[in-house]
Amino acid sequence: AQGLLKSVNVNKCTSPGTHSTFCFWVADWFALMNDKMGGDLSKIVTVGKYLIEVWKAAGMDLTNVEFRWASEEITSNAHVYWPIMLDVARRFNVTRIKKCCQIMGRLEGSLTAAQVLYPLMQCTDVFFLKADICQLGVDQRKVNMLAREYCDAAKKRFKPVILSHHMLYGLKEGQEKMSKSDPDSAVFMEDTVEDVERKIQRAYCPTSVKVEVMEDDGGEMASNENTDAGKESMHLTADNLKNPILDYVKHIVLSPPGATFACATAASPDGKTYDNYAAVEEDFLSGDITPEHLKRALIDALNELLQPVRDHFTNDDTARGLLEEIREFKRNAAPAASNEDDAPKAPRLDLVGAGVVPAGSHLVFAPLPNSNPTLQSAADLLAKLEAVARDDDDAPGVLVLLDWTARVNGVLDADTKLIAAYHSVLLSSLRALDEHFHGEDGKSVMKNVTVITQSEAILKDPSNYWISVINAGRHFTLDAVMGIGLGLGEGMKDSEGVGKVIGRLMMVADVLAVNPKSIALDATTVDNEEEVVDGVASMKLDGEEAESVEAHLIQQFYSAKLSHPALTSALPLPQITHVTSGPKLALQPTRESDAHKMESDEYFLADDPKVHGKSKVKKAFCEPGNVGFCPPIELLAYFGGLSGDGSGGEVKISRSPDNGGDVIYATKSAILADFEAGTLHPGDLKGAVSAVMVGMLTRMSAGIKADGEAAKGVKALKAFEKKMAKQKKK
C-alpha cells in the first residue's frame, strides 16, 4: 500500500502549477552495500525496475519524474559524492548524529558504527542531487533536518524544504509501521483479492483509545511517558487511537484530490459516500460505522485501487516478466545450507591487483596535517619506515598520505590545497632526513617507498572501498570505534566530531586495500612482556592485546571477518609494529600555560631557516647535570647518528684546553655520563649542537627550495597560520 501512497504524493508534488521535477533516488547501491539480494546488483536493479512498474500502474504521472540510480551516479561521480559526505561528517559531533539514529529504533548503546554513517550519507544525497525539496517519510525527518543544519554550518544560502509524508501503521496491534519481516503487517501491491480480504479482516481496529499504564518505581500506576523517541517521530500529528484501518482510509483512499469513500453505516445500510476523512472518523467513533462496516468498505476500496496494478502485471509483457523474476527471487530466498568451503565475501579496494602498490609491503600512514609541519613529524615518520628494515631490508614500503581522513577530521579547515601543501613540505623534510642518514651509504629508505595519496587510491575503485568501510562499521559497535571500554584510554567523547569515527573505519579499509605484510602505528602503551628494540615494540596481532584503538580494530576485523582459510591466505593479518619511542626533538619541557611560550621555541619547524639552528638551540632547555630531560643531547645523538654500541657516527665537541679540550663521542651514553658528571658544560654542548642543526636546516631548506610544490606549500601554510592568528584576536 506504500506504493499507492507514494503515487499520490508524487502526483501532488508534480501537479500543474508546481513547475517541479520529482527525482527518484533509486538506492540500489545502498541495497548492495547492505548485501540485499545476496549482494547481486543485477537482482537489485530488477527490483528497482519492478517498483517503477508498480508506481506507473498505481497511477503515478511520470511526465515530470526522473529516476536516478545510485549505483551509477555515486560510482561515476565518486569524486563529487564522497567529498560532500566527508564535509558533512566534519561539521557534526557524535551527539548530533546519534539523534538521527533514534529513527532507526536503536538504543544508543547498541549502535553500530555503520549506523552513524548512514545518516551522513542520506544528508549527502540531498546536496549531491541538488534537491530543493526533500519529500521523504516522516521517519527520515531528523536526517532531513540535519541537511538544513549543515547549510548553516557550511554557510549555504538556500536550505532544502522538508516535506515529510505520513508513515502507515502496521495492520497488527502495536505496529507503528509495517514490518518487512511480517507479510501480514501491510497490504502489498502484488496482493491478490483474497490476500487483501484476509489481512484487513484480521487487522487491528480499535473503537476507543487504549490507555497504557505502567507501574513506577514506587509501585503506583502511572501513564507510560517513556515512549521511544524514534516511534514518536513516525507521525506528523497526534493520534491516540492508532487505528490502521482508519489510517488506510485517510492516507490512501481519501488522499487523492476529489477522492470519495463509500461505506455502509447503521443509519445508511446501503452505503454512504464520504468526501473527507473527518466525517468518516466522526461516524466511526460514534458507532454509526462499525469495525465490520469499515473493514468491508476498505477491502472494496483497496481492491479497486490495486486492480489496475494487477491488470498491468498480467497484460504488460515487461511488467509480467519482472514480476516473475521477483517471485523467483523470493522462492530462492530461503538460506541454503552453509558450505564451510565457501569463502565469505570480502569486498575491498585492491591496490596490489591494480598495480598501485607492491605486494608484501610495510605500511605507514602519514600524520594528520597541521599548519606547522615539524622536524619531529618527519623524524617520527622516518622511524616508522625504518622499523621494518631491522628484519627485512628489501621489504617495499608504502606511505599513505591521508588527505580524505584529514578532510573528515576538519584539519586545516578541510582545505584540499592546504592539506596537499602540508604533505609536500612533509615529504621534502622526510627525504632530506633520509638523505642525511642514509644517502651516502646507498641505503636510502625512501628509494624503496611508494607514496600514495589516499583519495587518488580510493578513486581507483570507490564502490568496493566504501563498502569495506561500511562493512567494518557494521562489525563494530560505535563505542568500540570510539575506543570506549577497550582499556586503551578513556576513549572519545560524544562531543567530539563524528569524523574521527569515520577516519578510523577508513583506516581499516586502507589496510585491506594495501594488504601489507606489516604496519607501523603510533603506540599508546607497551606491554612489559613485549620485546623492545631501539624503541620499537614488535607485535603480531594473533590474539594478543592491541596497543591502540586502530590496532584493535584491525585485529578484530581480520579475526572475525577474514578468518576463513581461503581469505587468510589472500589477506593474512599483518604484523603490527608500534613505534614506542623515536627521536625526542622537543626543545622545552611541557608547559601548562601558554603565557611563557615563545613563537615556535618548543620545536624545530620543517621549514626553519638555518639561523634558527643557533637561536633555538641557544634557548633550548639544558639544565647542568640533568640527563632526565636534555634536548641538546637528544638532538646531537639523533642527528649525529650515534648508535648504542659505537658502530654508528661520531660527534666532536670543541672545548677550550681549560675545559678539557676537544672530545669525540661515539655513543649517546658517553655524552650522558659526562654531562651528568659535570665534565661536559652546557655551553660547549650547545655549541656543537648548533653547528649540527645549522647544517641540518640548511639541507632541509635547500630541499624545500628545490621542490616547487614544497616551496609553495610553506607559503600557503604560513598564510593560513596568520589568518588563524588574526581570527583568534577578534
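Summary of the structure given here. Since we're looking at a predicted model, the values are computed, not measured. (Residues numbered from 1 in each chain as written. Predicted model: local features only at pLDDT ≥ 70, side-chain atom pairs only at ≥ 80, totals over all residues. Heavy atoms only, no water.)

## A short note on the overall build of the protein
Across its full length, the protein carries 28 helices and 17 strands. Across the 730 residues in the protein, those meeting the buried criterion constitute 47%. Counting contacts in the protein only where the partners sit at least 6 residues apart, residues at least 24 apart contribute 73% of the total. If you sum the accessible surface of the protein, you get close to 35100 Å²; carbon and sulfur atoms cover 50% of it. (Helix = DSSP H or I, 4+ residues; strand = E, 2+ residues; numbered from the N terminus. Buried < 20%, exposed > 50% of the residue type's maximum accessible area, 1.4 Å probe, protein only. Contact = heavy atoms within 4.5 Å. Areas by Shrake-Rupley, 256 points an atom, 1.4 Å probe, with all protein chains shown as cover.)

## Thoughts on a nonpolar patch on the surface
A contiguous nonpolar patch, built from Ile 133, Val 161 and Leu 163 and spanning about 260 Å² of accessible area, is present on the exposed surface. Structurally, Ile 133 is set in strand E3 (residues 133-137). (Patch = residues over 30% accessible without salt bridge, like charges linked within 9 Å, V, L, I, M, F, W, Y side chains within 5 Å. Salt bridge = Lys/Arg side-chain N within 4 Å of Asp/Glu carboxyl O.)

## Focus: helix H17 (residues 416-439)
Here H17 contains 24 residues, and its C-alpha end-to-end distance of 32 Å stays within 8% of the 34 Å for a straight helix at 1.5 Å per residue. The residue sitting at the N-terminus of H17 and contributing the capping side-chain oxygen is Asp 415; that oxygen lies 2.9 Å from the backbone nitrogen of Lys 417. (Expected span 1.5 Å × (residues − 1). Polar contact = N/O pair within 3.5 Å; in protein donor to acceptor, adjacent residues only side chain to side chain.)

## So, a positive patch on the surface
On the surface, Lys 36, Lys 180, Arg 474 and Lys 561 cluster together into a patch of positive charge. Relative to the helices and strands, Lys 561 resides in helix H22 (residues 549-561). Look at Lys 561 and you get partly exposed, because its relative accessible area is 41%. (Lys, Arg positive; Asp, Glu negative; His and termini not counted. Charge placed at Lys NZ, Arg CZ, Asp CG, Glu CD.)

## Section: unusual backbone geometry
Positive phi, normally seen in glycine, also occurs at Lys 155, with a value near 55 degrees. Of note, Lys 155 is situated in the loop between helix H8 (141-153) and strand E4 (161-165). Taking the relative accessible area as the measure of exposure, Lys 155 reaches 75% and is therefore exposed. Although it is not a glycine, Leu 412 adopts a positive phi angle of roughly 50 degrees. As for its placement among the helices and strands, Leu 412 is situated in the loop between helix H16 (403-408) and H17. Relative accessible area serves as the criterion here: at 7%, Leu 412 is assigned to the buried category.

## Topic: the nonpolar core
Nonpolar side chains tend toward joint burial in soluble globular proteins. Ranked by internal contacts, the top residues of the largest apolar core, which has 91 residues, are Trp 29, Trp 82, Met 85, Met 121, Trp 466 and Val 501. With 11 residues, helix H21 (residues 499-514) is the single largest residue contributor to this core. Once you skip the residues sitting within four places of it in the chain, Met 121 turns out to touch Trp 29, Phe 30, Met 33, Tyr 81, Trp 82, Met 85 and Ile 470. If you look at the next biggest cluster of nonpolar residues, it comprises 61 residues, including Ala 406, Ala 606, Phe 639 and Leu 680. (Core = buried A, V, L, I, M, F, W, Y, C linked by side-chain atoms within 4.5 Å.)

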